[in-house]
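Letter by letter, the chains look like this.
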Amino acid sequence: MPSSPLIVISKSTVYPDRKSNLEDLKLSVSDLPMLSCHYIQKGCLFTRPPVPMGSLISLLKQSLSETLSFFPPLAGRLYTDQNDYVYITCNDAGVEFHHCKCSTWFIRDIIGPVHVPEFVKEFFSFDKTVSYQGHHEPILAVQVTELADGVFIGCSVNHAVTDGTSFWNFLNTFAEICKKITNNINNNNNNNTQRVEKIARQPDFSRDSALISSAILRVPEGGPKVTFNENEPLGERIFSFSREAIVELKAKVNKKEEFLSNGDFNTVEILGKLSNDKYYTENGKNLTEISSFQSLCALLWQAVTRARKLPYSKTTTFRMAVNCRLRMNPKLDPLYFGNAIQSIPTYASAGDVTSRGLRWCAEQLNESVKAHNDETVRHFVRNWEADPRCFPLGNFDGASMTMGSSPRFPMYDNDFGWGRPLAVRSGGANKFDGKISAFPGREGIGSVDLEVVLAPETMAGIESDVEFMQYVTN
C-alpha cells in the first residue's frame, strides 16, 4: 500500500479544567454489550477558519478542556472490580488530542466522489480499537486534520460509555463552548479569562433505572473481540434524499399520491398533514400512518434484498437501533448519559420483501417499533440478564441489515465559531456488509443522508436499481 500523505503534527493529552467529583458510574445492561464494539467514530468537515492554525489548535484544546468538566466520564477510564462489575471511574486521566495535516487533500476530495474515499478513515484516531480497551486507553480521542482548504474534526469515543444521543450532546457542547470562548475573546480584545459556567444541555449521569443490573458479563482472557470480519472488501456511499423526495415516498407508502398531483405540492403542508394524521381510512378500515423514516428504511430493505439475489424462502433481518429513554416507565432523562438503546429486529422472507410491496415492508418495521414499549425494553433486559453477552454485530447469514444513528441527531448544529459543517462523515468503526447509518441532510429538516456499507456487488446492484435510485438526490 502507498504511504499516507497525512502528517501527524502533534499528540497531547487534554485534561478537564476542573477536578471531577462525580462518583464511579456502573455500566448498564445497554452499555456492557458494547464492550466488543469499536469506538464510535464520527466527525464534521468545515471550511478553513479565519484564524492561524496554531491559534485554532489552542482554542480547541481550551474548549475541550472546559467541555470535559461537564462530561467527566469521557476523561476517565474503565475498570473492573473484584466482583467483575465494570465501571467508569471519573479520574480526570484525560483524553488524547491529535493535530494532523495533509496539504494535498481538498474539501472536494471528500464530498465530491460518488463513494466515500478510503482516506476518510485517517481522520480518526483509535482505528479498530475495541471498547473493552478503555480499561487502559483513553475513552475519547479528538483529531483535528488540516486540509488544503478546510478542517476536519473527528472524535473517537468508547461505545460502552456513550450512544449516539450522548455522543452528539458532547460534540454539540464542545462546539458551543468553543464558540462562546471565541466570542469572549473578540469582545475582550483577545483577553480570555472568563470560563463557561453553564451549558445548554447538561447531561444526566444518574444510574438508578431498570438498565442497571446485578448480572455479570464474563469476558474472555484479553477481552472481547469484534464479531465481524474487519478486513472484508466493502463499498461505502452516502445516498442523499431531499425533503421533497421523502415526502413523495411517504405519500406513496401511505397511498396519498393525490397530494402530489401534477407535481405541484407544498412540502411543508404535506409534511404537516402526514405527521399529524396517525391513521387513515381505506375501505372503511383504519390503517396506520407510516413515518418518513420507516418508508425510507423499507425502500432500502427492498433494494438490498433484490441486489443480494437471495432465495425466495431465505429469512432476511432488518435491525433498527431504538432510543429507550422515553420508552421506559418512568422515563429516563432525554439527556441521560450512556447507552440507552436496543436493537429491534424485523424478520421477513426475501420473497415477501421483494414481492409484497413497499407498504407491506414499511408496516412490518412500523409494528416492530410501535411494539417496543416499557415492557418490551424490560423483556430485553431480562433476556440479557439470563444470558449476559456482548452484542453480535455483523451480517452472519448474508441476509441482514443493521440501521444505526438517526436523522434526528443535531449533527449540523456543531458551529465552533466559523460556521456549520459542510458534511458529516464516519471512520471505519463497526462497518460490515449491511451496516447503515442515518444522518440528517445538510439542507434542512426533512432531508436525510444514508451512509450505506455493502459488499461491492450488492452496492452495484442498488446503484442500478431504478425503484431505489429514483428517490436519490445525489
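A quick note: this is a predicted structure, and the numbers were derived from the prediction, not measured. (Residues numbered from 1 in each chain as written. Predicted model: local features only at pLDDT ≥ 70, side-chain atom pairs only at ≥ 80, totals over all residues. Heavy atoms only, no water.)

Visitor: Explain the layout of surface pockets to me, and be specific about the residues and the numbers.
Guide: One number sums up the size of the second largest pocket: a volume of about 580 Å³. Contributing to the lining of the second largest pocket are 30 residues, with Glu118, Lys121, Asp127, Lys128 and Gly428 lying nearest its centre. Classifying every residue of the lining of the second largest pocket by side-chain character gives 13 nonpolar, eight polar and nine charged. (1 Å grid on protein atoms, 1.4 Å probe; cavity = no way out; pocket = protein on both sides within 12 Å on 5 of 7 lines; lining within 4 Å. Points joined across faces, edges and corners; volume = space filled by probe spheres on them. Nonpolar A, V, L, I, M, F, W, Y, C, P; charged D, E, K, R; others polar.)

Visitor: Summarise the pattern of salt bridges; cite the residues concerned and give the values.
Guide: Throughout the structure, instances matching the rule amount to 18 salt bridges. For the salt bridge of Asp84 with Arg218, the shortest nitrogen-to-oxygen distance reads 2.5 Å. Of the two residues, Asp84 is situated in the loop between strand E4 (77–80) and strand E5 (86–89) and Arg218 in the loop between helix H3 (164–187) and strand E9 (235–241); the sequence distance between them amounts to 134 residues. With a relative accessible area of 58%, Arg218 lands in the exposed category. Of the charged contacts in the structure, one is a salt bridge between Glu176 and Lys180, with a shortest N-O distance of 3.1 Å. Separated by four residues within a single helix, Glu176 and Lys180 lie in helix H3, roughly one turn from each other. What makes Lys180 partly exposed here is its relative accessible area of 31%. Several salt bridges converge on common partners, so that one network encompasses Asp17, Arg18, Arg195 and Glu197. (Salt bridge = Lys/Arg side-chain N within 4 Å of Asp/Glu carboxyl O. Helix = DSSP H or I, 4+ residues; strand = E, 2+ residues; numbered from the N terminus. Buried < 20%, exposed > 50% of the residue type's maximum accessible area, 1.4 Å probe, protein only.)

Visitor: Describe empty space enclosed by the protein, with residues and values.
Guide: Under the definition given, this model contains one cavity of 30 Å³ or more. The space that makes up the largest cavity amounts to roughly 50 Å³. Residue lining of the largest cavity: Lys26, Leu27, Leu32, Asp84, Tyr85, Val86, Ser213, Ala215, Ile216 and Leu217, and that is the complete set. In terms of residue class, the lining of the largest cavity is built from seven nonpolar, one polar and two charged.

Visitor: How would you explain the sheet that holds strand E15 (residues 423–426) if you had to name every residue and give the values?
Guide: Two strands in a sheet stick together by hydrogen bonds in their backbones, pointing the same way (parallel) or opposite ways (antiparallel). Taken together, the six strands give an open sheet; going across it, the order is E1-E6-E7-E8-E3-E15, and neighbouring strands pair in mixed fashion. The open sheet has two edge strands with one neighbour each: strand E1 (7–14) and E15. Taking each pair of neighbouring strands and ignoring which way they run, the sheet shows an average axis angle of 20°. Note: E1 against strand E6 (residues 95–101), seven bridges, orientation antiparallel. (Pairing = 2+ DSSP bridges. Axes fitted to C-alpha atoms, helices over the stretch in contact; angles between N-to-C directions.)

Visitor: Kindly report on the confidence of the model for the protein, identifying the contributing residues and their values.
Guide: Considering every residue of the protein, the mean pLDDT works out to 93; 92% of them sit at 70 or more. Every residue in residues 258–277 is under pLDDT 50, and counting partners more than four places away or in other chains gives 28 contacts. (pLDDT = per-residue confidence, 0-100. Contact = heavy atoms within 4.5 Å.)

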